[in-house]
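# Structure assessment
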Amino acid sequence: MPTEKAQKTKQAIIESAFSIILNEGFEAVTMEHVAEKASVSKGALTYHFNNKRALHLALIENYVAHMDEEFNKYVSLFSGEEADTIVVGYIEWFKAFQRNNSGWAAVGVSLLSNFVLDEQLMAPVRQWYQRLFDRIAQLPHERRTPVLVCILAMEGLFYAHKFGIDLIPGDMKKALWPYLSDTVAQVNVSQTKKRVRY
C-alpha cells in the first residue's frame, strides 16, 4: 500500500495535469511539464505514472470520481423513493454546476474529446453511466421511462453547458426544473439537507 506521502505526490501530479489542461490546453500536457508543475522530478512522475497513457487514465478516473462524488452529494440532499431522489438530485447538481464547475467542464470536454474512441481510457466513464442506468433499470417499471427521460434531458443540458452552447434563457430553465420533476417524473421528495453551493 502506498505511503501517505506517495498518495499526496500522486494527487499533486493529477492536480497539476488538471491545471495544465484547464489553463493551457490538453496539448500542453507533457510528462516534463507535469513534473515541473507538480514540483517533482521526472523520475518521481514516472514512478507513479510510467507513461503518459497511465497519466491520462488517472485523469479520467479522477474526473469520474468527481462525477460520482457530485452526483451522490446532490442526491443525498433529498429523502424519498430512489426514482425521485435521482431526478431532483440531478437537477440540483446541474444548477450548481452551471453556477460554478471549478474548471471540471473544460477539463471533462478535453479528456472526453481526446479519448472518446479509446475503449480502455473511456472505460471508467462508460462504467459510471452503466451504474447509473442500472440503477434506473432497477426502478419500478412505471418509473423507469420518466426518470430516464429526465436524466437524458439533464445530460443534454450538462453537455450543452460543457461545450459552451447552453443558450437557454434562465427563465426557461427555471420553468424546466418543475416540469421535469413534477410533470414528467412526478417526484415526491423532501429535502433533508441544506442546498450545497458548488
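To keep things clear, this report deals only with the structure shown in the data block.

The rules behind these values
- Residue numbers here run from 1 along each chain, matching the order of that chain's written sequence.
- Where totals are concerned, whole chains, interfaces and linings use all residues; where local detail is concerned, this predicted model gives features only for residues with pLDDT of at least 70, and gives and counts side-chain atom pairs only at 80 or more.
- The side-chain figures draw on all heavy atoms in the structure; neither hydrogens nor water molecules are used.
- Two rings belonging to Phe, Tyr or Trp (six-membered ring only in the last case) form a pair when the distance between their centres is within 6.5 Å. Interplanar angles under 30 degrees mark stacking, angles over 60 mark edge-to-face geometry, and anything in between is tilted.
- Charge-over-ring placement is defined geometrically: NZ (Lys) or CZ (Arg) within 6 Å of the ring centre, and within 35 degrees of the ring normal.
- Every angle, taken between N-to-C directions, lies between 0 and 180 degrees, and every axis is a line fitted to C-alpha atoms, over only the stretch in contact when it is a helix.
- Secondary structure elements follow DSSP: runs of H or I of four or more residues count as helices, runs of E of two or more count as strands, with numbering from the N terminus.
- An angle below 35 degrees is read as roughly parallel, one above 145 as roughly antiparallel, one from 65 to 115 as roughly perpendicular, and any other as oblique.
- Note: crossing handedness is left-handed where the near helix turns anticlockwise from the far helix by less than a right angle, and right-handed where it turns clockwise.
- In what follows, residue pairs with any heavy atoms lying within 4.5 Å of each other are defined as contacts.
- Residue classes follow a fixed rule: Ala, Val, Leu, Ile, Met, Phe, Trp, Tyr, Cys and Pro count as nonpolar, while Asp, Glu, Lys and Arg count as charged, and any other residue, Gly among them, counts as polar.
- By convention in these notes, a salt bridge is any Lys or Arg side-chain nitrogen within 4 Å of a carboxyl oxygen on Asp or Glu.
- Any residue under 20% of the maximum accessible area for its type is buried, any over 50% is exposed, and the rest in between are partly exposed; the area is computed with a 1.4 Å probe on protein chains only.
- In this description, a nonpolar core means a group of buried Ala, Val, Leu, Ile, Met, Phe, Trp, Tyr and Cys residues linked to one another through side-chain atoms lying within 4.5 Å.

On to the packing of aromatic side chains. The final tally for this structure, using the stated rule, is 15 aromatic pairs. An aromatic cluster is defined as three or more aromatic residues linked by ring pairs; in this entry it consists of Phe71, Tyr90, Trp93, Phe94, Phe97, Trp128, Tyr129, Phe133, Phe158 and Trp177. Just above the ring of Tyr159 sits the side chain of Lys162; from NZ or CZ to the centre is 4.4 Å.

Once that is clear, we can look at the packing of helix H8 (residues 141-162) against helix H9 (residues 170-184). Their axes nearest at 9 Å, the elements H8 and H9 cross at an angle of 165°. If you check the angle between H8 and H9, you find them roughly antiparallel. Crossing of H8 over H9 shows left-handed handedness. Touching Pro146, Val149, Cys150, Ala153, Met154 and Leu157 of H8 are Leu176, Trp177, Leu180 and Val184, all from H9. Class assignment for the residues of the contact of H8 with H9 results in ten nonpolar, no polar and no charged.

Here we come to the pattern of salt bridges. Going through the model one piece at a time under the given rule, you end up with nine salt bridges. Asp118 is the partner of Arg53 in a salt bridge, and the nearest nitrogen-oxygen pair spans 2.7 Å. You can see Arg53 sitting in helix H4 (residues 52-75) and its partner Asp118 sitting in the loop between helix H6 (104-115) and helix H7 (119-137), a full 65 residues away along the chain. Accessibility expressed as a relative area gives 37% for Arg53, which makes it partly exposed. Three or more residues are tied together by salt bridges with common partners; here these are Glu81, Asp84 and Arg143.

With that settled, consider the nonpolar core. Soluble globular proteins tend to pack their nonpolar side chains together in the buried interior. Residues Leu55, Tyr90, Leu111 and Trp128 are the most contacted members of the largest nonpolar core, which totals 60 residues. Taken together, the elements giving at least two residues each to this core come down to helix H1 (4-24), helix H2 (31-38), H4, helix H5 (82-99), H6, H7, H8 and H9. Aside from chain neighbours lying at most four places away, what touches Leu55 is Ile13, Ala17, Val29, Met31, Val34 and Phe49.

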